[in-house]
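# Topology and contacts: notes
Here are the chains, one letter per residue:
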Amino acid sequence: YRINCLFLHWIFGLIMEKVTHIASYLLDCYLKQFGEKMDEIKLQKLLYFTQREAIIRTGKPMFDAEFRAWKYGPVVIEVHERYKNDDLHELLSEESLLEWKECLDYVLSEFAPKKSMSLVTLSHGERSWLRARNGYAKYDRSDVPMKLSDIYEDAEYRRMRRASLPIRKAMREFCQSHKEPQSTL
């Protein structure tokens, strides 16, 4: 796994964010916005959606942590351990916040208001999770790593869906405006 991370650093020519800094930022923002501590299931799903969103927006991952395909969706083990010990209080640097704020704000606005189990359901639809869980029943325990290349595929799928939204909306509006009048008989 360490070779993978070093390879990513070499490929992208960058130092990625620490996942614990991102998790701490998400927890802090959630507490400020909703007035309560975010549960771990939601945090883990927000981390996954943050990684996917970073890839959609920049073509590169935000952090180098490995997700595991646990029964309730993607999990970063280091974050799991630190959350259990209430040890996620690190700050993002100003530079990192400038670079990633738009992406993080999008994930928080889009996914944080949803119920944790709704996020589990969404994550269960991701190809990266499904591929890693191949051969396991939906709620069987597993510790299988999710491939970054599969997360890239999830990101590309979402990017393409978003790009087609204006076209689908225009087609729907066109069809509605050209419906034949209904008979009142």
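Below or above, wherever it landed, is the structure these notes cover.

Procedures and definitions
Sequence order as written defines the numbering, with residues in each chain counted from 1. Local features in this predicted model are restricted to residues whose pLDDT is 70 or higher, and side-chain atom pairs enter the listing and the counts only when it is 80 or higher, whereas totals over whole chains, interfaces and linings include all residues. In computing side-chain properties, one takes all heavy atoms of the structure into account and sets aside hydrogens as well as water. For Phe, Tyr and Trp, rings pair up if their centres lie within 6.5 Å, where Trp contributes its six-membered ring, and each pair is then called stacked (planes under 30 degrees apart), edge-to-face (over 60) or tilted (otherwise). Helix numbers and strand numbers start at the N terminus; a helix is a DSSP run of H or I with at least 4 residues, a strand a run of E with at least 2. Pairing between strands is defined by DSSP: at least two bridges between them are needed. Residues belong to one nonpolar core when they are buried, are Ala, Val, Leu, Ile, Met, Phe, Trp, Tyr or Cys, and are joined through side-chain atoms within 4.5 Å. Accessible area is worked out with a 1.4 Å probe on protein chains only. A residue is then buried under 20% of its type maximum, exposed over 50%, and partly exposed in between. Whether two residues touch is decided by their heavy atoms; if any such pair falls within 4.5 Å, the residues are in contact. Helix span is expected to be 1.5 Å times the residue number reduced by one. Across the chain, bend at a residue is computed as the angle between axes fitted to the seven residues ending at that point and the seven starting from it. Geometry is summarised by axes, namely lines fitted to C-alpha atoms with helices restricted to the contacting stretch, and by angles between N-to-C directions that run from 0 to 180 degrees. Working definition: roughly parallel below 35 degrees, roughly antiparallel above 145 degrees, roughly perpendicular at 65 to 115 degrees, and oblique for all remaining angles. Should the near helix be turned anticlockwise from the far one by less than a right angle, the crossing is left-handed, and should it be turned clockwise, the crossing is right-handed. Asp, Glu, Lys and Arg are counted as charged, while Ala, Val, Leu, Ile, Met, Phe, Trp, Tyr, Cys and Pro are counted as nonpolar; the rest, among them Gly, fall into the polar class. Distance and chemistry together define a polar contact, namely a pair of N or O atoms within 3.5 Å, with one atom able to donate a hydrogen and the other to accept it when in protein, and with adjacent residues in sequence counting only for side-chain atoms on both sides. Basic side-chain nitrogens of Lys or Arg form a salt bridge, by our definition, when they fall within 4 Å of a carboxyl oxygen of Asp or Glu.

With that settled, the discussion passes to the packing of aromatic side chains. Inspection of the entire model under this criterion finds 6 aromatic pairs. Summarising the aromatic geometry, the rings of Y30 and F34 are spaced 4.5 Å apart at their centres and angled 35° between planes, so their arrangement reads as tilted. Of this pair, Y30 and F34 both sit in helix α2 (residues 19-34), 4 residues apart, roughly one helical turn. With a centroid separation of 4.3 Å and 10° between ring planes, the pair formed by F49 and F111 is classed as stacked.

Of the strand pairs in this sheet, strand β1 (residues 67-70) and strand β2 (residues 73-76) are connected by 4 bridges, and their pairing is antiparallel. Bridging across to β2, W70 finds its partner in G73. Hairpin connection, β1 to β2: the antiparallel pair is bridged by 2 residues.

Core analysis: the biggest nonpolar cluster contains 40 residues, and L26, L43, L46 and L47 have the highest contact counts within it. Taken together, the elements giving at least two residues each to this core come down to α2, α3 (40-58), β1, α4 (77-84), α5 (94-111), α7 (127-132) and α8 (148-177). The contact partners of L46, leaving out residues within four places of it in the chain, are L26, M38, V107, L108, F111, A112 and L119.

So, about α5. For α5, spanning 18 residues, the distance from its first C-alpha to its last is 24 Å, which sits close to the expected 26 Å at 1.5 Å a residue. Taking the largest bend as the criterion, α5 deviates by roughly 60°, centred on W100. Buried within α5 are the following residues: S96, W100, C103, L104, V107, L108 and F111. Those residues of α5 that are buried are in contact with α2, α3 and α6 (116-124).

We now examine unusual backbone geometry. Positioned with a positive phi, D86 is a non-glycine residue whose angle comes to about 50°. Structurally, D86 can be placed in the loop between α4 and α5. Residue D86 is classed as partly exposed on the basis of its relative accessible area, which comes to 46%.

Contact geometry for α3 and α5: axes closest at 9 Å, N-to-C directions at 130°. Here α3 lies oblique to α5, going by the angle between them. Note that α3 runs across α5; the crossing there is right-handed. Contact residues: α3 offers L46, F49, T50, R52, E53, A54, R57 and T58, while α5 offers W100, E102, C103, L104, Y106, V107, L108 and F111. The residue makeup of the contact of α3 with α5, split by class, is 10 nonpolar, 2 polar and 4 charged.

Turning to α3, a few remarks are in order. In a regular helix each residue adds 1.5 Å, so 19 residues correspond to 27 Å; α3 covers 27 Å between its end C-alpha atoms and thus fits that length. Within α3, 16 of the 19 residues are buried, which leaves it mostly tucked inside the rest of the structure. For α3, the side-chain oxygen to backbone nitrogen distance between the N-cap and I41 is 3.1 Å, and the N-cap itself is D39. Looking at the residues trailing α3, positive phi occurs at G59, about 80°.

Time to look at the environment of D105. Checked against the element boundaries, D105 lands in helix α5. C-alpha separation for the pair D105 and L26, spaced 79 residues apart in sequence, amounts to 9.3 Å. Engagement of the side chain of D105 in a polar contact is seen with the side chain of K101, the distance being 2.7 Å.

Take the pattern of salt bridges next. Here the structure, examined in full by the defined rule, presents 19 salt bridges. Of the charged contacts in the structure, one is a salt bridge between R57 and E102, with a shortest N-O distance of 3.0 Å. In this pair, R57 is assigned in helix α3 and E102 in helix α5, connecting sequence segments 45 residues apart. In this structure, the salt-bridge partner of E90 is R82, at a minimum N-O distance of 3.1 Å. Residue class for R82 comes out buried when judged on its relative accessible area of 18%. A single salt-bridge network, built from bridges that share partners, covers K18, E78, R82, D87 and E90.

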